[in-house]
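Chain by chain, the residues:
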Amino acid sequence: MAKNVLLVDDSSTMRKIISRSLRQAGLDFGEIYEAGDGQEALAVLEKESVDIVLSDINMPNMNGIEFLREKANRPGIKDIPVFMISTETGEDIIGEAKSLGAIGALKKPFTPEKVNEVLGPLM
């Protein structure tokens, strides 16, 4: 069954790259929603049916860590899995993200093959 995906990144170019990589990886997805920061992501999650979130860490307004904290406090969306996609993949920041509910991380830049390897089992 196709999964609806929310891409959260302050760079519209990066959101397009991730979207294209999902297609090139051959993953089964339905709708791809986009948000420019954590605040926008929360708004999308409150109104759309999303199965998985792919989120950057470094963003203005509300970064990926703050997004995870806020999402955890909202009963209707707290169980939606979040996978971090970021240039920030140090153990400290990824450890914090995982402690807040992130299910994994993928380092930018990445290939469609890596996307398929990491995200394929979740899709």
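Residues numbered from 1 in each chain as written. Predicted model: local features only at pLDDT ≥ 70, side-chain atom pairs only at ≥ 80, totals over all residues. Heavy atoms only, no water.

Engineer: Hey, could you run me through the side chain of S21 in this one?
Structural biologist: Mapped onto the fold, S21 is located in helix 1 (residues 12-24). You can call S21 buried: its relative accessible area is 5%. (Helix = DSSP H or I, 4+ residues; strand = E, 2+ residues; numbered from the N terminus. Buried < 20%, exposed > 50% of the residue type's maximum accessible area, 1.4 Å probe, protein only.)

Engineer: For this particular structure, what's the right way to read the side chain of D9?
Structural biologist: Here D9 is to be found in the loop between strand 1 (3-8) and helix 1. Residue D9 is classed as buried on the basis of its relative accessible area, which comes to 2%. A distance of 2.7 Å separates the side chain of D9 from the side chain of K108, its partner in a polar contact. Residues contacting D9, with those up to four places away along its chain left out, are M14, R15, A35, G36, D56, M59 and K108. (Polar contact = N/O pair within 3.5 Å; in protein donor to acceptor, adjacent residues only side chain to side chain. Contact = heavy atoms within 4.5 Å.)

Engineer: Just checking my understanding: could you explain helix 4 (residues 91-99) for this structure?
Structural biologist: An α-helical turn contains 3.6 residues, so a residue and the one three or four places further along point in the same direction. Inspection of helix 4 places I93, I94 and A97 among the buried residues, and these make up the whole buried set. Looking straight down helix 4, one finds its buried side chains confined to an arc of 95 degrees; they lie on one side. Pointing more than 90 degrees away from the buried face of helix 4 are the exposed residues E91, D92 and S99. In this structure, the buried residues of helix 4 make contact with helix 3 (64-72), strand 4 (82-86) and strand 5 (102-107). (Arc of directions from axis to C-beta.)

Engineer: It is not clear to me how the pairing of strand 2 (residues 29-35) should be interpreted in this structure. Could you clarify?
Structural biologist: Sheet faces and side chains relate simply in a regular strand, where the side chains alternate between the two faces. The sheet contact formed by strand 1 and strand 2 spans 5 bridges and is parallel. Residue pairing for strand 2: K3 is matched across the bridge by F29. Crossover connection from strand 1 via helix 1 to parallel strand 2: handedness right-handed. (Pairing = 2+ DSSP bridges. Right-handed = clockwise from strand over helix to strand, strands pointing away.)

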